[in-house]
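# Residue-level structural notes
The lines below spell out each chain.
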Amino acid sequence: MKYLQAFGRFWWDFIVGDDWRVAAGLAVALGLTAALTHSGVNAWWLMPPAVGALLAGSVWRAASRD
Amino acid sequence: MSTSEVLILLGAFSASAVEMVEALTIVLGVGVVRGWRSTLIGVGAAAIVLAALVAALGPALTYVPISTLRLIVGALLLAFGMQWLRKAILRSSGHKAMHDEDEAFRRERTEAAAAGREEKAGLDWYAFTVSFKGVLLEGLEVVFIVISFGSAQGRLGLAAAGAAAAVVLVTVAGVLIRGPLERVPENTIKFAVGLLLTSFGCFWGAEGAGVDWPGDELSLLAVLGFLGLLSFVLVRVLRRQRLALRPSGAEA
């Protein structure tokens, strides 16, 4: 059980890292892009600002805690 | 060579170089104090595991449909790349301490000297496990980048060659200098790699979700430029905010 927890923690740290909100926001943005694209809208313009906003929010939160 | 191929080569090389500098510090710290035989066997064992991962996972991913692969790889690269970029921005703006190879080397040597002597399979077990874990953990990030870069663009060999070239370069530099490579601008390289990973992640993730990018690969450069500019602005703003919050007279 201890090894399983350590294994899960390793992958969580490896992929999600310090700010889970970024990972969750990316999943939402990609899902929204897929939904729009499949309904006929070529939503190429959605991801770059979404990534920018998530990055800015994440560093701002970290800096504010400093 | 296309734009994306050049960026893949650069990304794999830079990511590998910066991770190998950190691995080299661990290996040198342990090897100098505990001796080289067990340390180098640990390095070799980790290198075999990492090479096996690339050899097994890389070809296996060619069976996944390209749009699904790009969506998954894009999402992972985004999550991973934004961690690098976030830390690089915080370090550049002074909100996070810079990684100090010289300090890490000193710490590694102290810990290696203090550790007890235990022999297993004819090896100094401390030297073997520390060098094995160090190279494996630093190398896993490189393997992840090589596999994701290589598989999403169908250029695994190119990405692996870029990473291998960096391993050779860092090893040669380490042997020549016989000390940690503290002059390597780690944060600048991590900044660049973070930007590349995030831009590729954004490009492939959206493409995997069904997006048709205007101008095809030119959009990748536009995304890279946009995120680069945003990161630059964020560093400036956060640095200014930090200076404004610093108590007056703190500079003295």
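Anyway, here's the lowdown on the structure attached to this text. (Residues numbered from 1 in each chain as written. Chains lettered and ligands numbered in written order. Predicted model: local features only at pLDDT ≥ 70, side-chain atom pairs only at ≥ 80, totals over all residues.)

### Considering the overall build of chain A
- The helix and strand inventory of chain A stands at three helices and zero strands.
- Listed N to C, the secondary structure of chain A is α-α-α in terms of helices and strands.
- The C-alpha atoms of chain A give 16 Å as radius of gyration, which overshoots the globular expectation for 66 residues (11 Å, by more than 25%).
- Judged by the C-alpha coordinates and their principal axes, chain A covers about 50 × 35 × 10 Å.
- Burial statistics for chain A: of 66 residues in total, 29% are counted as buried. (Helix = DSSP H or I, 4+ residues; strand = E, 2+ residues; numbered from the N terminus. Rg over C-alpha atoms; globule rule 2.2 N^0.38 Å. Buried ≥ 20, exposed ≤ 12 C-beta atoms within 10 Å, placed from the backbone.)

### Regarding the overall build of chain B
- Broken down by element type, chain B carries eight helices and two strands.
- Each of the three principal axes of chain B carries a C-alpha extent, and together these read 60 × 60 × 25 Å.
- By residue count, 49% of the 252 residues in chain B fall in the buried class.
- At a minimum sequence separation of 6, the contacts of chain B that also span at least 24 residues come to 87%. (Contact = placed C-beta atoms within 7 Å.)

### Details of helix α8 (residues 217-245) of chain B
- Between its terminal C-alpha atoms α8 of chain B stretches 42 Å, which fits the 42 Å expected from 29 residues at 1.5 Å a residue.
- Three or more residues of α8 of chain B are buried, namely S219, L220, V223, L227, L230, S231, L234, V235 and L238 of chain B.
- Looking at the buried side of α8 of chain B, the elements it contacts are α3 (47-65) of chain A together with α1 (3-34), α3 (66-92) and α7 (186-208) of chain B. (Expected span 1.5 Å × (residues − 1).)

### What about helix α4 (residues 101-114) of chain B?
All names here are of chain B.
- The end-to-end C-alpha separation of α4 is 20 Å, in line with the 20 Å expected for 14 residues at 1.5 Å each.
- Here α4 has its buried residues at E101, F105, E108 and A112. Burial along α4 is one-sided: seen end-on, the buried residues are contained in an arc of 65°. Relative to its buried face, α4 has exposed residues pointing more than 90 degrees away, namely T110, A113 and A114. (Arc of directions from axis to C-beta.)

### Re the environment of F226 of chain B
- Residue placement: F226 of chain B occurs in helix α8.
- Since 16 C-beta atoms lie within 10 Å of it, F226 of chain B is described here as partly exposed.
- Residues F226 of chain B and L78 of chain B, 148 residues apart in the sequence, show an inter-C-alpha distance of 15 Å.
- Leaving out residues up to four positions away in the same chain, F226 of chain B has contacts with P48 and G52 of chain A.

### Let's talk about the nonpolar core
- Membership of the largest hydrophobic core comes to 90 residues, with the highest contact counts inside it found for L26 of chain A together with A12, V146 and A163 of chain B.
- Contacts of V146 of chain B, omitting those with residues within four sequence positions, involve A12, V54, A159, A160 and A163 of chain B. (Core = buried A, V, L, I, M, F, W, Y, C linked by C-beta atoms within 7 Å.)

### As for the interface of chain B and chain A
- Contacts between chain B and chain A engage 29 residues on the former and 25 residues on the latter.
- Secondary structure elements with two or more residues in the side of chain B that touches chain A: α3, α7 and α8 of chain B.
- Counting residues per element, the side of chain B that touches chain A draws most heavily on α3 of chain B, which supplies 11 residues.
- Of the residues contributing to the side of chain B that touches chain A, the split by class is 21 nonpolar, six polar and two charged. (Nonpolar A, V, L, I, M, F, W, Y, C, P; charged D, E, K, R; others polar.)

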